[in-house]
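Residue strings, one per chain:
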Amino acid sequence: MKHSSALPLARATLRILMILNWLFGTAILTLLTATIVAEQWTFTALGIPPSSYIRPMMTGLRTIAALGLVAIPLNDAVLRRLLAIVETVRTGDAFVAANAYRLQTIAWVLLTLQVLSLVIGGIGKAISTPTHPLHLDAGFSPSGWLAVILTFVLARVFAEGTSMREELEGTV
């Protein structure tokens, strides 16, 4: 098999993303804790001045942070499975049943992340006010939903490829 520079780059990138994912999770947890322990100071530091809308906004922001924490292990699940797939490609054995299952799991996790993004976007809209607008990169994402569909299809392609490979090996 011809060696590609893409595989080592993919492995390194996935490992870096795994570390960054957990670092971002730590930052979210720290911020969430700070909003509970030092509420007024934290929100003032974030530029949210005291007003009549601050209580619902604080609750909403804490909920968004908590949902952000839910996303951390979900992202980790995707990254670990992608890394395992890259390893099978590296060894020249990509069309195995395990990769079809990995892709199927990734598709379900991506679907869950898209629903989570819709919920976070909805909360953001609910707590945003003209006085204190909240701009989040969350909500409906056409490319995110396309990724879900493509991953489900790719999982099926891998399952078929695995089946065809097993049939071929059985006839030889």
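Given the structure is predicted, the values throughout are model-derived calculations rather than measurements.

Attention shifts here to the overall build of the chain. Within the chain one finds five helices and zero strands. Start at the N end of the chain and walk to the C end: the helices and strands fall as α-α-α-α-α. At 21 Å, the chain has a C-alpha radius of gyration far larger than the 16 Å of a compact globule built from 172 residues. Considering only C-alpha atoms, the chain reaches an extent of 75 × 25 × 25 Å along its principal axes. Of all 172 residues assigned to the chain, the portion counted as buried reaches 33%. Intrachain contacts of the chain at a sequence separation of at least 6 include 74% that bridge at least 24 residues. Here the chain displays about 10,700 Å² of accessible surface, and carbon together with sulfur accounts for 70% of that area. Charged side chains in the chain number 12 positive and 9 negative. The centres of these two groups are separated by 8 Å.

Let us now look at the packing of aromatic side chains. One pass over the full model with this rule turns up two aromatic pairs. Each ring, one from W108 and one from F152, has its centre 5.0 Å from the other, and the planes form 85°; the classification is edge-to-face. Here W108 is found in helix α4 (residues 97-127), whereas its partner F152 is found in helix α5 (residues 142-171), with 44 residues between them in sequence. Judged by relative accessible area, which is 23%, F152 ranks as partly exposed.

In contact at an axis separation of 9 Å, helix α1 (residues 6-37) and helix α3 (residues 54-90) are set at 165° when each is read in the N-to-C sense. Taken as axis vectors, α1 and α3 run roughly antiparallel relative to one another. By crossing handedness, the relation of α1 to α3 is classed as left-handed.

Along an α-helix, a turn takes 3.6 residues, which lines up residues three or four apart on a common side. Compared with an ideal rise of 1.5 Å per residue, which puts 32 residues at 46 Å, α1 spans 46 Å between its outermost C-alpha atoms and is within 8% of the ideal. Those residues of α1 not exposed but buried are L7, L14, M18, N21, G25, L32 and T35. Elements that come into contact with the buried residues of α1 comprise α2 (39-45) and α3.

In a soluble, globular protein the nonpolar side chains are often hidden away together inside. If you look at the biggest cluster of nonpolar residues, it comprises 20 residues, and the most contacted ones within it are L103, V109, L113 and L116. Those elements that provide at least two residues to this core are α3, α4 and α5. At nine residues, the largest contribution of residues to this core is made by α4. Beyond its immediate stretch of four places on either side in the chain, L113 contacts A71, L74 and N75. With six residues, the next largest nonpolar core counts L7, L14, M18 and V86 among its residues.

Rules behind the numbers
Counting from 1, residues in each chain are numbered in the order their sequence is written. Owing to the predicted nature of the model, reporting of local features is limited to residues with pLDDT of at least 70; listing and counting of side-chain atom pairs is limited to 80 or more, with chain, interface and lining totals taken over all residues. Hydrogens and water molecules were not included; the side-chain quantities draw on all heavy atoms of the structure. The numbering of helices and of strands both runs from the N terminus, where a helix is a DSSP run of H or I of at least 4 residues and a strand a run of E of at least 2. With the radius of gyration taken over C-alpha atoms, the globule rule is written as 2.2 Å times the number of residues to the power 0.38. Burial status follows relative accessibility: with a 1.4 Å probe on protein chains alone, a residue under 20% of its type maximum counts as buried, one over 50% as exposed, and anything between as partly exposed. Note on contacts: a residue pair qualifies if any of its non-hydrogen atoms lie within 4.5 Å across the two residues. All accessible-area figures derive from a Shrake-Rupley calculation using a 1.4 Å probe, and residue coverage is judged against the displayed protein chains alone. Asp and Glu count as negative and Lys and Arg as positive, but His and the ends of the chain are not part of the count. Throughout, a charge is located at the NZ atom of Lys, the CZ atom of Arg, the CG atom of Asp or the CD atom of Glu. Each Phe, Tyr or Trp ring (for Trp, its six-membered ring) is paired with any other whose centre lies within 6.5 Å, and the angle between the two planes then decides the class: stacked below 30 degrees, edge-to-face above 60, tilted in between. Only the contacting stretch of a helix is used when fitting its axis, a line to C-alpha atoms as for every element, and angles between N-to-C directions run 0 to 180 degrees. Note on terminology: angles under 35 degrees are roughly parallel, angles over 145 are roughly antiparallel, angles of 65 to 115 are roughly perpendicular, and the others are oblique. Left-handed describes a crossing whose near helix is turned anticlockwise from the far helix by less than a right angle; the clockwise case is right-handed. For a helix, the expected span equals 1.5 Å multiplied by the residue count minus one. To form a nonpolar core, buried Ala, Val, Leu, Ile, Met, Phe, Trp, Tyr and Cys residues must be joined to one another through side-chain atoms within 4.5 Å.

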